[in-house]
Amino acid sequence: MLAASLGLAACGGDDGGSEEGADAKVLTLWHYEAPDSAMGVAWNKAIELFKSSHPGVEVKFEEKGFEQIQQNAQMILNSDSAPDVMEYNKGNATAGLLSKQGLLTDISDEFTKRGWDSKLSASLQTTAKYDEDGIMGSGKVFGVPNYGEFVTVYYNKKMFDQYKLAVPTTLDEFTKVMDTFLANKVTPLAVGGAEYPAQQIFYELALAKSDRAFVDDYQLYKNKVDFKGPQLTYGAQTFTDWVSKGYIGKDSAGIKAEDMSVSFTQGKFPILISGSWWYGRFASNIKDFEWGTFLFPGNTLHPGSSGNLWVVPEKSKAKALAYDFIDITMSPEVQALLGNSGGVPVAADPAQITDPKNKELVETFNKISTSDGLAFYPDWPAPGYYDVLVAGVQGLINGSKTPDAFLDEIAKPYHENLADLGK
């Protein structure tokens, strides 16, 4: 993600409300979406609409990097430099932890008063609610997602056609496709091992042997998880096999997500496994070849959830304005723009999504969501787990860790967190 800071300002009078922070003259807003991504396009429009409906309020928008917020959120939100509204990663380890620490505003009343509850399906509300231990799925509302997301497989149709390859429908067919590329001296997968993409491949492989009960145990602590059980063992061993076979390049341990996406855009790799958040950028930036998507072959569960959350820090000085901005991002106009820019809106009229490719993306997400196929993300269960998984999967890529050692490494903080919660 880009880490530049941009400034957008407006001028005029007071917004006239009586709620907390309604008489504020400045709304400070942070997010980490690139300007040409679907979310970046939609949220720029939301800022424009906010400014026109709130004359006199200055909007101070700062675009942050994902890693920047991931690593520094607690320190920032505990200080007087906290923004009024910000995009933040959802899940126990992130939004859940901040809610437990008292750093986020409980927005339960606004959630029902403004009708956001009626716009979000029950499965999408899972990531908005956190209990007193910071575990998602129940309790108070601490954030609002206005888009959905899921991990899918992007493929270069030109390269598939070159080797007369069909879209695989099973994991066995998928490995045969990758074998064909290898036989022609083409590394099949674009992978970002220095950030989140590689761990999502590991999780996709674990989900190949999983059901809803396993996901609920792993993510929601319904029952104890055996890290040496069939699901995670298969994920770690198969990921390692993919590296040794050459499906995943050993140099990918040092590749960031942004560089991974650029390499696919440039046609250097035939396949990329990552999130729907790249869709809009690929649609805008890929000019030299046709591309498409398919769900990870054979899986009924996929990494995915609501998108990241708009949260209102407890130290926000303009909470009412923050709620107004969130409301605009949930409006029909912004939701339709999100969908038509390659995003996955949660409250759009499907008839307003005009591009066939974008409509297909939205329909795929709706299909996964309505069939209870969203399995969240592997780094969610425990605070600091994201970095543990990045380092662990990098060890599998560069050969410094065996699958067994990797599973021991990721089990330790998971079980420590359970112990801290008294579970």
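The name given to the protein chain in an unreviewed UniProt entry is Raffinose/stachyose/melibiose transport system substrate-binding protein, and the organism recorded there is Actinoplanes campanulatus.

Participant: I'd like a rundown of the domain arrangement of the protein chain, residues and numbers included.
Facilitator: If you check the domain split of the protein chain, you get domain 1 (26-147 + 307-348) and domain 2 (150-304 + 376-421). Listed per partner, the contact involves 22 residues of domain 1 and 21 residues of domain 2. In total, about 1,700 Å² of surface goes out of reach between domain 1 and domain 2, with carbon and sulfur atoms giving 64% of it. Our enumeration of links across domain 1 and domain 2 arrives at one salt bridge. Among the salt bridges present, the one from arginine 281 reaches aspartate 36, with a minimum N-O distance of 3.6 Å. The tally of links from domain 1 across to domain 2 stands at four residue pairs in polar contact (both at pLDDT 80 or more). Top element by residues in the side of domain 1 that touches domain 2 is helix α3 (residues 92-100). It accounts for four residues. Tallied by class, residues from the side of domain 1 that touches domain 2 come to eight nonpolar, nine polar and five charged.

Participant: Which residues make up the packing of aromatic side chains, and what values go with them?
Facilitator: Under the criterion given, the structure shown has 34 aromatic pairs. Measuring from ring centre to ring centre gives 4.5 Å for tryptophan 43 and tryptophan 310, while their planes differ by 55 degrees; the resulting arrangement is tilted. Separated by 267 residues along the polypeptide, tryptophan 43 in helix α1 (residues 38-53) and tryptophan 310 in strand β12 (residues 309-311) bring together distant segments of the chain. Considered together, tryptophan 43 and tryptophan 310 belong to a single accessibility category, that of buried residues.

Participant: Which residues make up empty space enclosed by the protein, and what values do they have?
Facilitator: For the structure on display, the rule yields three cavities of 30 Å³ or more. There is about 230 Å³ of room inside the largest cavity. Contributing to the lining of the largest cavity are 19 residues, with Phe66, Asn89, Lys90, Glu149 and Trp277 lying nearest its centre. Its residues assigned to classes, the lining of the largest cavity comprises 11 nonpolar, four polar and four charged. Taken domain by domain, the lining of the largest cavity gets at least three of its residues from each of domain 1 (26-147 + 307-348) and domain 2 (150-304 + 376-421).

What counts, and at which threshold
Residues numbered from 1 in each chain as written. Predicted model: local features only at pLDDT ≥ 70, side-chain atom pairs only at ≥ 80, totals over all residues. Heavy atoms only, no water. Domains from an automatic or database assignment. Contact = heavy atoms within 4.5 Å. Buried area = accessible area lost by both parts, 1.4 Å probe. Salt bridge = Lys/Arg side-chain N within 4 Å of Asp/Glu carboxyl O. Polar contact = N/O pair within 3.5 Å; in protein donor to acceptor, adjacent residues only side chain to side chain. Helix = DSSP H or I, 4+ residues; strand = E, 2+ residues; numbered from the N terminus. Nonpolar A, V, L, I, M, F, W, Y, C, P; charged D, E, K, R; others polar. Phe/Tyr/Trp six-rings, centres within 6.5 Å; stacked < 30°, edge-to-face > 60°. Buried < 20%, exposed > 50% of the residue type's maximum accessible area, 1.4 Å probe, protein only. 1 Å grid on protein atoms, 1.4 Å probe; cavity = no way out; pocket = protein on both sides within 12 Å on 5 of 7 lines; lining within 4 Å. Points joined across faces, edges and corners; volume = space filled by probe spheres on them.

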